[in-house]
Amino acid sequence: MALFLLLFTIFYHSSSSSAAYTVGVNYGTVANNLPSPSQVASFLRTQTTIDRVKIFDTNPDILRAFANTGISVTVTVGNGDIPSLAKLPAAQSWIAANILPFHPQTSIKYIAVGNEVLATSDKVLIAHTLPAMKALASALELANITTIHVATPHSLGILSSSEPPSTGRFRKGYDQRIFAPFLDYHRKTKSPFMVNPYPYFGFKAETFKLRVV
Ligand SMILES: *[C@@H]1O[C@H](CO)[C@@H](O)[C@H](O)[C@H]1NC(C)=O
């Protein structure tokens with residue numbers, strides 16, 4: 001059961017008066033001898049306080065398994081599918097095939113459009129990411145779905161400096177040229193700016209440095 005707990009992500013509810021927080025996990029499936037999606041869903045629901053899960057595709061078995069569990073799911077559009085989704089009819093077909101059959105029984109909260117697209121340095125992919133996000137958001141709106149938001153997770157490599165946090169800066173040129181239109185989209189659609197932080201890897205590198213000194 002430990003295999004799929006690849007990464008913990010903590011979402012703080014800042015508006016809440018008590019110190020309530022939400023714990024989510026990435027549910028990866030690149031491994032062998034994995035428990036079935038229904039076993040995973042049942043385990044999370046009955047044995048943990050985890051109430052958010054992110055998957056790296058739109059696996060229908062997983063989406064069905066999380067129906068009526070109270071656990072919200074983030075689904076992912078594969079990087080390779082992004083260019084074709086930049087047009088509204090294709091985005092509508094994608095929503096019809098991958099979201100509508102599971103909504104609202106499964107609480108899908110976010111559609112992650114690709115993963116760390118900037119880190120790929122693929123110009124075609126990068127140029128189509130925001131148009132695909134907008135097309136998918138429009139397709140959701142046309143389907144009268146207001147509970148699902150569209151975003152794209154970035155790697156922490158978007159920062160030129162992150163430590164100490166007060167020195168945090170986007171990489172040179174990213175702020176105006178790349179992120180301004182993304183941030184404008186997020187503000188208008190009230191969708192989140194997503195980043196994949198891997199604090200453990202950062203910590204591990206630090207531990208390693210200390211040891212070799
Ligand atoms: C969305 O809602 C509008 C207004 O209630 C309605 O006319 C339209 O048929 C709905 N569209 C879908 C796809 O349900």
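Residues numbered from 1 in each chain as written. Predicted model: local features only at pLDDT ≥ 70, side-chain atom pairs only at ≥ 80, totals over all residues. Heavy atoms only, no water.

**Q** For the pattern of salt bridges, give the residues involved together with the corresponding values.
**A** Overall, the coordinates contain three salt bridges when judged by the stated rule. Of the charged contacts in the structure, one is a salt bridge between Arg 64 and Asp 61, with a shortest N-O distance of 3.2 Å. Of this pair, Arg 64 and Asp 61 both sit in helix α2 (residues 60-65), separated by three residues, roughly a single helical turn. Given the relative accessible area of 51%, Arg 64 is considered exposed. When the shortest N-O distance is used, the salt bridge between Asp 184 and Arg 187 registers 2.7 Å. One end of the pair, Asp 184, and the other, Arg 187, are both in helix α6 (residues 174-189), three residues apart, so they sit about a helical turn from each other. You can call Arg 187 exposed: its relative accessible area is 58%. One network of salt bridges, in which partners are shared, links Asp 184, Arg 187 and Lys 188. (Salt bridge = Lys/Arg side-chain N within 4 Å of Asp/Glu carboxyl O. Helix = DSSP H or I, 4+ residues; strand = E, 2+ residues; numbered from the N terminus. Buried < 20%, exposed > 50% of the residue type's maximum accessible area, 1.4 Å probe, protein only.)

**Q** How would you summarise helix α3 (residues 88-98) if you had to cite specific residues and measurements?
**A** By the burial criterion, the buried members of α3 are Ala 91, Trp 94, Ile 95 and Asn 98. Angularly, the buried residues of α3 cover 95° about the axis, an arc narrow enough to put them on a single face. In this structure, the buried side of α3 is in contact with α2, β4 (72-77), β5 (108-113) and α5 (123-142). (Arc of directions from axis to C-beta. Contact = heavy atoms within 4.5 Å.)

**Q** Summarise the environment of Ser 93; cite the residues concerned and give the values.
**A** Of note, Ser 93 is situated in helix α3. A relative accessible area of 46% places Ser 93 in the partly exposed class. Sequence separation between Ser 93 and Leu 136 is 43 residues, and the spatial gap between their C-alpha atoms is 9.7 Å.

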